[in-house]
Amino acid sequence: LQGQLLAKSWSSLFGGQSGAALRGPIYSFNGRNVLTDPLWPHQLAWHGSTPRGGHARRWDCQGWRSSGTAEGMATALGEGRLLAGHRHNCSTP
């Protein structure tokens, strides 16, 4: 669907208290709703950022290898706040 409001402004997604509450569905590039599609079991947005939008240097999955145990910052999309991240294993699909 076109024309659905995801957030009031670009800056509202990233500013203030862990970003804006997301509105409406989020679609993958192939048109799947990642909030309801079983192909997306973890529904994470990987960002490697601090809650204020800075680079979380230790938690960005940079240099990750599939055999590693590195962690990166990601947000559960159902949580409603884009940068309210938690550490997740970088191997999580």
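Per chain, residue numbering runs from 1 following the sequence as it is written. This being a predicted model, a pLDDT of at least 70 is required before a residue's local features are given, and a value of 80 or more before pairs of side-chain atoms are given or counted; all residues contribute to the totals for chains, interfaces and linings. To obtain the side-chain values, all non-hydrogen atoms of the structure were included, while hydrogens and water were left out.

A. Structural detail: the sheet that holds strand E2 (residues 71–76). Here, strands pair whenever DSSP counts at least two bridges between them. Helix numbering and strand numbering both begin at the N terminus, where a helix is a DSSP run of H or I of at least 4 residues and a strand a DSSP run of E of at least 2. Pairing is antiparallel in the open sheet, where three strands are placed in the order E1-E2-E3. In this open sheet, the two strands that pair with only one neighbour each are strand E1 (44–46) and strand E3 (86–89). Ignoring which end each strand starts from, the neighbouring axes of this sheet average 55° apart. Relative to E2, E1 runs antiparallel, the two being bridged by three bridges. Bridge assignment links Trp46 to a residue of E2, and that residue is Ala74. Note on method: axes are straight lines fitted to C-alpha atoms, helices fitted across the in-contact stretch only, with angles between N-to-C directions ranging 0 to 180 degrees.

B. View of the state of the cysteines. Here, the term disulfide refers to a pair of cysteine sulfur atoms separated by no more than 2.5 Å. Inspection of the entire model under this criterion finds one disulfide. Residue Cys61 pairs covalently with Cys90 via a disulfide, S to S 1.9 Å. One quick way to see it: the torsion about the S-S bond of Cys61 and Cys90 is about -90°, and its sign makes the bridge left-handed. You can see Cys61 sitting in the loop between E1 and E2 and its partner Cys90 sitting in the segment after E3, a full 29 residues away along the chain.

C. Main features of the pairing of E2. Taken together, the four bridges between E2 and E3 define a ladder with antiparallel strand orientation. Looking at the pairing, Ala74 lines up with His86 of E3.

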